[in-house]
Amino acid sequence: MADTKAKPGLLLDIRNLRIEATVYPPGEAPKTITLVHDVSLTLEKGKVLGLIGESGAGKSTIGLSSMGYGRGGVRITGGEVILNGRDILKGGKEGFRKLRGREVCYVAQSAAAAFNPAHRLMDQVVEASLLHGTATRAEAEKRAVALFKKLSLPNPETIGERFPHQVSGGQLQRVMTAMALCSEPDLIVFDEPTTALDVTTQIDVLAAIKDAIRDTHVAALYITHDLAVVAQVSDEIMVLRHGRLVEWGGTRQIIKEPRQEYTNALVSVHEIEHREQQPGTTPMLSVKNVTAAYGGSHVKVLKNVSVDIFPGQTLAVVGESGSGKSTLARAITGLLPPEQGSVVFDGRTLGNKLSDRPKEDLRQLQMIYQMADVAMNPRQTVGTIIGRPLEFYFGMKGRERDKRVAELLDEIEMGKGFVDRYPAELSGGQKQRVCIARSLAAKPKLIICDEVTSALDPLVANGILKLLLNLQQVEKVAYLFITHDLATVKSIADSIAVMYRGEVVRYGSKSKVLTPPFDAYTDLLLSSVPEMEIGWLEKAIAGRRMESAGN
Amino acid sequence: MLDIRRIPIASLIGIVLTTLFVLTAVFAPLIAPHGNAEIIGDVWEPMSANHWLGTDNLGRDLLSRMIYGARITLFIAVLATALSFSLGAILGFSAAVFGGWYDTLLSRLVDLLMSIPTLIMGLVVLSVLPSNLVTLILVMGILDSTRVYRLSRAVAVDINVMDYVEAAKLRGEGSGWIIFREILPNALSPLVSELGLRFIYAVLFLSTLSFLGLGVQPPDADWGGMVKENKDGIVFGIPAALIPAAAIAALAISVNLVADWVLNRTTSLKGGRG
Amino acid sequence: MSSPIVKLVAQRIALGILLLLAVSVLIFAGTQILPGDVAQAILGQSATPESLANLREQLGLNQPAYIRYFHWLGGVLTGDLGTAMSSGQDIATSIRERLWNTLFLAFWAAIVAIPLAITLGLIAVRYRNGWVDKLISGVALASTSFPEFFIGYLLVFYFAVEHQWFPAISTVYEGMSLGERLQAIALPAAALTLVVLAHMMRMTRAAILNVMQSAYVETAELKGLSGFAVIRKHAFPNAIAPIINVVMLNLAYLVVGVVVVEVIFVYPGMGQYLVDHVTKRDVPVVQAVGLIFAAVYITLNIIADIGAIVANPRLRHPK
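What counts, and at which threshold
Residues numbered from 1 in each chain as written. Chains lettered and ligands numbered in written order. Predicted model: local features only at pLDDT ≥ 70, side-chain atom pairs only at ≥ 80, totals over all residues. Helix = DSSP H or I, 4+ residues; strand = E, 2+ residues; numbered from the N terminus. Rg over C-alpha atoms; globule rule 2.2 N^0.38 Å. Buried ≥ 20, exposed ≤ 12 C-beta atoms within 10 Å, placed from the backbone. Contact = placed C-beta atoms within 7 Å. Nonpolar A, V, L, I, M, F, W, Y, C, P; charged D, E, K, R; others polar. Domains from an automatic or database assignment. Pairing = 2+ DSSP bridges. Axes fitted to C-alpha atoms, helices over the stretch in contact; angles between N-to-C directions. Core = buried A, V, L, I, M, F, W, Y, C linked by C-beta atoms within 7 Å. Parallel < 35°, antiparallel > 145°, perpendicular 65-115°, else oblique. Left-handed = near helix turned anticlockwise from the far one by under 90°. pLDDT = per-residue confidence, 0-100. Right-handed = clockwise from strand over helix to strand, strands pointing away.

Visitor: Please explain the overall build of chain A as it appears in this structure.
Guide: Across its full length, chain A holds 20 helices and 20 strands. Taken against the 2.2 N^0.38 rule, which gives 24 Å for 551 residues, the C-alpha radius of gyration of chain A at 26 Å falls within 12% of a compact globule. Structurally, chain A occupies a C-alpha span of about 75 × 60 × 45 Å along its principal axes. Expressed as a percentage of the 551 residues in chain A, the buried residues total 44%.

If you want it as structure tokens, here you go:
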């Protein structure tokens, strides 16, 4: 009302938002950094706006500003946040308290952490409604049960009596959505609500959220780094980078006709040129009927697993958390001696235990880890990290070693200048490159890549994948590529093994594995990977319903 | 580089005071105006120009006694800390790296020793052992090494599961490289700050034992022993006992400030240069 | 109460009993570690052969150590702590009154220290990084660096000598009224309180801060709860377990502080009794009192663990 420029139907109008934070670099004077630079956006009632960007883009910070909230010393220092016709930044603490949980609700990335372990779910779900006096306890609980039903939670009548730790992660995420919807807000901020979930769980939660948004006519800010996900739920998409607006448009326009180069890069991130190689005659490494368990436990994490890797080719092992894919890597490297079965390399059986393997065998198998920052000793320089395998395996010293280190740095597209740097001084992508160089230094025949791109932003991850493929051409090295991300697999694999609960459920060349008819699990997995296609979600869900009806 | 202007004022005070204490201890015979056991006046003379801190319960110069006391206190505390630290750190690291029954045995033994308060166990053992410096240092060092063991084992276990240590193991490195090149450099900063805390604890423990009459035996006295010698004066309003007590507190606070500073400084490097 | 909790608690208690047994071995062994002859060490080089033989007989040194241990343990379990070598008195009888005195002193120190420490801890969290917090942390740092006797004699010097509000020596005897007793123990209780206060407060502050930084506290804030309601409804239920832990650990620490404080104030409790007999090298008394101190310490630690188990919702409401 107060603002004449407000259009009817406009719910949220953020103008020239500027957000700053004070950081305290150790040993230096405190510095003020700007997280969000003059970003403006509008959102109409009942619409969904997707905020997308890499880490550090400021998307969560902008989302939380609609509730007047700043995490850990983050301050809104400029602009207006107009919600329902008034600038909430002028309302003070009391004003924020009145709108939080009533006009605007929040769904966090990790519901497991966001629920209080000491209280029952129902008490937490209805808490905001009772606090703001928008419903009596009986009304609120009735509403909550109806929402549980709508979100297809099992036992909607009784699930509220449970404690958070008694409910699975995917279900908790839905309960959290119900909690946000329960106080019938005008706006919900979804902060990466499906990022922590497995891909087959993600699709159900995503569909539940989408239905709930449509049926309750609530508006939403949907924050994520995954463009394919946001394309399913949003009416409009805003692309952010380093706290600045890159592009803002309708969902169709952003994913089909991106106007900015950066958006285009995000859209086409999975398009990598790689021609599938046919398996040769003799495998370089064979995993034969391997069964393994941790610490003498009865639960077998690997059950009778057999796969082959051919020289210079890539075998991708795909699976969700708990599928045993990382355990397979540990069994191959000798970190977890298998209970049964063996690993054959170049025609000879490798020792089960690490300590039984000669240095030469160790050199031939190298490993790259998911978390590059903990895979490098923080007290060693890049030169030492890459130089050590040269010293250790080939006895290289002094200038000869330094020369080879420089060559390797060139190969990973980093310059000589990095030799004296410490890991803490590198970016995420650079760290992973150094790890690649370290494994290449050993001149191995096989490198095991354990989720090497999953901790990285999509564009950086893309660069790493391209680098790995180029290096394969040059060094003729084979990869065992462990991942949960099917898009990555499609880009780089020559053959694929799909793992589920410790077993290989599907195995063969890439084209064979990805061609129907599928087994049930592979089908579920493949159909769960979000595609950058409007309406994909509905199609996938419909396909699934038909199938379960058919069964 | 170390820039004096960047050191916080509190840490600077800590460094200066600690240095003063150490210098006093080292050069005690040169600084002290009188001998340690030399009786030079009446009992409990007040502070004066001749005797800055007055005299003690036998008429000895309190300042001189304090200066010699610094020497004894620091000497025993340093040796006990060195013992507890080397023993605890070596056992803790090896337990973390080797694991298995060796780790289990050591850890259970340490659990057992730590389930009795250090002072009580110290008193039990000192009730039968001869009262001399070697016993004192051994008892203090061994009892306190349990804490160093726990910390260094915990730190090493944390580091031992890091991917970079696994990478070194996969490379085929021996335990020497793994302990000294991978684990130790990363365990240093918590250990260095612990070194300060252990030293403070050694000073306090020694003072307590001496105060109870079970530490340094007369005529030598550390500061805790001097409190005991002069404590009967308190009820007559003679503060002689408070001076060595305050000295202990001052030493402990200074070392604490230095330890805090070292910890902040080393962690802030985040593995960077320096 | 559901079964996993009962099981865990039972396990913890069983472990505690086992630990006590092991500790009794350790304490017994601790008095046997002397290389050479205990009797010789106790009586010194100038002892006559007869007195040595007598003492050996008295200590049962002619029997192997393990037999002596079981003999001792059997006695302890039936309430017979043996006789003191120095005075020939029955140890159990001498201890009874003193144990009660010590518990009385520790109880009042705890009554003051616990609520004070938790309140100060809460204040420090509420105004964290403000001057109140910094002041509290600074005082805490200082007081953990103070030896107990420094605090004790400062109190005596100020409150007993300069102002004569309280006695410098805490004499208690039978027939004293509660008021007189409290007057007598005011200074030692205050000293003990100060000894544990800082540490307890710092740990409380850390425990609450840890809870305050969790994601569910943010959720509560984003529901529009006021600062106080967030603490009361969401932070406090989760902070109980760590706070119980902090309190118990510090009470255990108080047990040790008692030894020194009793000596300062010449208070007729267990601590002074122990120190006296360590000086006299009266092994049976040292063993008995050492074991009692260890038992109290272990019991407090068990209570801390049980508190943490019972307060954990994951264990209270299993899947």
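Visitor: It is not clear to me how the interface of chain C and chain B should be interpreted in this structure. Could you clarify?
Guide: Note on interface size: it is often stated as the accessible area lost on association of the parts. Chain C puts 41 residues into the contact, and the matching count from chain B is 38 residues. If you list the elements that add at least two residues to the side of chain C that touches chain B, you get helix H1 (3–30), helix H2 (38–43), helix H6 (131–144), helix H7 (148–162), helix H10 (227–264), helix H11 (270–279) and helix H12 (283–311) of chain C. Of the residues in the side of chain C that touches chain B, the class split is 35 nonpolar, 5 polar and 1 charged.

Visitor: What is the right way to read the interface of chain C and chain A from this model?
Guide: Between chain C and chain A, the contact holds 16 residues from the first and 23 residues from the second. Here the element with the most residues in the side of chain C that touches chain A is helix H9 (residues 215–222) of chain C; it accounts for 4 residues. Class assignment of the residues belonging to the side of chain C that touches chain A gives a composition of 6 nonpolar, 7 polar and 3 charged.

Visitor: Would you mind showing me how to read the domain arrangement of chain A here?
Guide: All names here are of chain A. Segmentation of chain A into domains returns domain 1 (48–70 + 93–267) and domain 2 (285–515). Centre-to-centre, using C-alpha coordinates, domain 1 lies 36 Å away from domain 2. Counting residues at the interface gives 8 residues for domain 1, matched by 6 residues for domain 2. Of all the secondary-structure elements, those providing two or more residues to the side of domain 1 that touches domain 2 are helix H7 (199–216) and helix H10 (261–267). Residue classes in the side of domain 1 that touches domain 2 are distributed as 3 nonpolar, 3 polar and 2 charged.

Visitor: Which parts of the structure should I look at to understand the sheet that holds strand E20 (residues 503–509) of chain A?
Guide: Within a sheet, each strand pairs with its neighbour through backbone hydrogen bonds, oriented either parallel or antiparallel. Residue and element names in this part refer to chain A. Taken in spatial order, the 6 strands make up an open sheet running E16-E17-E18-E13-E19-E20, and their pairing is mixed. The sheet is open, and its two edges are formed by strand E16 (365–368) and E20, each paired on a single side. When the angles between neighbouring strand axes are averaged without regard to direction, this sheet yields 15 degrees. Sheet topology note: the E16/strand E17 (residues 446–450) ladder contains 4 bridges and is parallel.

Visitor: Hey, could you run me through unusual backbone geometry in this one?
Guide: As a rule of thumb, non-glycine residues mostly have phi less than zero, and peptide bonds are mostly trans rather than cis. With an omega dihedral of 0 degrees, the bond running from Pro516 of chain A to Pro517 of chain A counts as a cis peptide bond. By secondary structure assignment, the location of Pro517 of chain A is in the loop between helix H18 (510–513) and helix H19 (520–528). Backbone torsion omega between Pro218 of chain B and Pro219 of chain B reads 10 degrees, so that peptide bond is classified as cis. On the secondary structure map, Pro219 of chain B appears in the loop between helix H8 (175–211) and helix H9 (223–230). Even without glycine at this site, Gln164 of chain C takes up a positive phi of about 55 degrees. Looking at the element boundaries, Gln164 of chain C is found in the loop between H7 and helix H8 (178–212). Overall, Gln164 of chain C belongs to the exposed group, with 9 C-beta atoms counted inside 10 Å.

Visitor: Help me understand the nonpolar core, please; the structure alone is not making it clear to me.
Guide: Soluble globular proteins tend to pack their nonpolar side chains together in the buried interior. Membership of the largest hydrophobic core comes to 141 residues, with the highest contact counts inside it found for Leu123 and Val203 of chain B together with Leu192 of chain C. If one sorts the elements of this core by residue count, H8 of chain C sits on top with 18 residues. Not counting residues within four places of it along the chain, the set of residues in contact with Leu123 of chain B comprises Leu214 of chain B together with Leu274, Val275, Val278, Val286 and Gly290 of chain C. Ala331, Cys435 and Val513 of chain A together with Tyr149 of chain B belong to the second-largest nonpolar core, a separate cluster that totals 92 residues.

Visitor: Would you mind going over the sheet that holds strand E5 (residues 86–87) of chain A with me for this structure?
Guide: Residues and elements named next belong to chain A. The strand order across the open sheet built from 4 strands is E2-E1-E4-E5, with neighbouring strands paired in antiparallel fashion. Whereas interior strands pair on both sides, the edge strands pair on one side only; in this sheet they are strand E2 (31–44) and E5. Here 2 bridges tie strand E4 (residues 74–83) to E5, and the two strands are oriented antiparallel to one another. Residue Leu83 lies in a different strand from E5, and its bridge partner there is Arg86.

Visitor: Would you mind showing me how to read the environment of Asn129 of chain C here?
Guide: The residue Asn129 of chain C is located in the loop between helix H5 (91–126) and H6 in this model. Owing to 9 C-beta atoms within 10 Å, Asn129 of chain C belongs among the exposed residues under this scheme.

Visitor: What am I meant to see in the packing of helix H14 (residues 398–411) of chain A against helix H15 (residues 428–441) of chain A here?
Guide: The geometry of a pair of packed helices is captured by two quantities: the angle between their axes and the separation between those axes. Residue and element names in this part refer to chain A. Axis separation between H14 and H15 bottoms out at 9 Å; the angle between their running directions is 130 degrees. When the axes of H14 and H15 are compared, the pair comes out oblique. Considering only the axes of H14 and H15, their crossing is right-handed. Every residue of H15 that contacts H14 at Leu408, Leu409 and Glu411 is listed here: Ala437, Leu440 and Ala441. Split into classes, the residues belonging to the contact of H14 with H15 amount to 5 nonpolar, no polar and 1 charged.

Visitor: Got a minute to help me understand the packing of helix H13 (residues 382–394) of chain A against H15 of chain A in this structure?
Guide: Residue and element names in this part refer to chain A. One way to put it is that H13 packs onto H15 with a least axis distance of 7 Å and a crossing angle of 20 degrees. Taken together, H13 and H15 sit at an angle that is classed as roughly parallel. Crossing hand, H13 versus H15: right-handed. The residues of H15 that touch H13, namely those facing Val382, Ile385, Ile386, Pro389 and Leu390, are Val434, Ala437, Arg438 and Ala441. The class makeup of the residues in the contact of H13 with H15 is 8 nonpolar, no polar and 1 charged.

Visitor: Is there a simple way to think about the pairing of strand E18 (residues 478–483) of chain A in this case?
Guide: Consecutive side chains of a regular strand alternate in pointing toward one face of the sheet and then the other. Residues and elements named next belong to chain A. Among the 6 residues in E18, 6 count as buried, and that is most of the element. Side chains of E18 alternate between two faces, with Ala478, Leu480 and Ile482 and Tyr479, Phe481 and Thr483 buried alike. Relative to E18, strand E13 (residues 314–318) is paired through 5 bridges, and the arrangement is parallel. For Val318, the partnering residue across the bridge sits in E18 and is Thr483. Pairing of E17 with E18, which is carried by 5 bridges, proceeds in the parallel orientation.

Visitor: Sorry, what's going on with helix H4 (residues 121–131) of chain A here?
Guide: Residue pairs spaced three or four apart in an α-helix point in one direction, given the helix's 3.6 residues per turn. Residues and elements named next belong to chain A. In terms of residue burial, H4 counts as a mostly covered element, since 9 of its 11 residues are buried. Leu121, Met122, Gln124, Val125, Val126, Glu127, Ala128, Ser129 and Leu131 are the residues of H4 that are buried. Looking at the buried side of H4, the elements it contacts are helix H5 (137–150) and helix H6 (169–182). Of the residues trailing H4, Gly133 is marked for its positive phi of about 65 degrees.

Visitor: It is not clear to me how the confidence of the model for chain B should be interpreted in this structure. Could you clarify?
Guide: As a general rule, the predicted coordinates of low-pLDDT regions are not to be interpreted in detail. All names here are of chain B. Overall, the predicted model of chain B reaches an average pLDDT of 85, with 95% of residues at or above 70. Mean pLDDT in chain B bottoms out at helix H10 (residues 242–269), which sits at 81, and peaks at helix H7 (residues 163–171), which reaches 92. In this model, residues 268–274 is a region of pLDDT below 50 whose contacts with residues beyond four sequence positions or in other chains number 14 contacts. The complex prediction reports pTM at 0.81, with the ipTM value standing at 0.84.

Visitor: Help me understand the pairing of strand E8 (residues 219–224) of chain A, please; the structure alone is not making it clear to me.
Guide: All names here are of chain A. Counting buried positions over the 6 residues of E8 gives 6, a clear majority of the element. The alternating pattern of E8 places Ala219, Leu221 and Ile223 on one face and Ala220, Tyr222 and Thr224 on the opposite face, and all of these are buried. Note: strand E7 (residues 187–191) against E8, 5 bridges, orientation parallel. Within the sheet, the bridge partner assigned to Asp191 lies in E8 and is Ile223. The β-α-β motif built from E7, the intervening H7 and the parallel element E8 has right-handed crossover chirality.

Visitor: It is not clear to me how the environment of Asp260 of chain B should be interpreted in this structure. Could you clarify?
Guide: Residue and element names in this part refer to chain B. With respect to the helices and strands, Asp260 occurs in helix H10. Since 18 C-beta atoms lie within 10 Å of it, Asp260 is described here as partly exposed. Each C-alpha atom of the pair Asp260 and Ser193 lies 6.7 Å from the other, and the pair is 67 residues apart in sequence.

Visitor: Teacher, can you tell me more about the environment of Ile5 of chain C here?
Guide: Residues and elements named next belong to chain C. One can find Ile5 in helix H1. The class for Ile5 is partly exposed, based on 17 C-beta atoms found within 10 Å. Along the backbone, Ile5 and Arg314 are 309 residues apart, and their C-alpha atoms lie at a distance of 10.0 Å.

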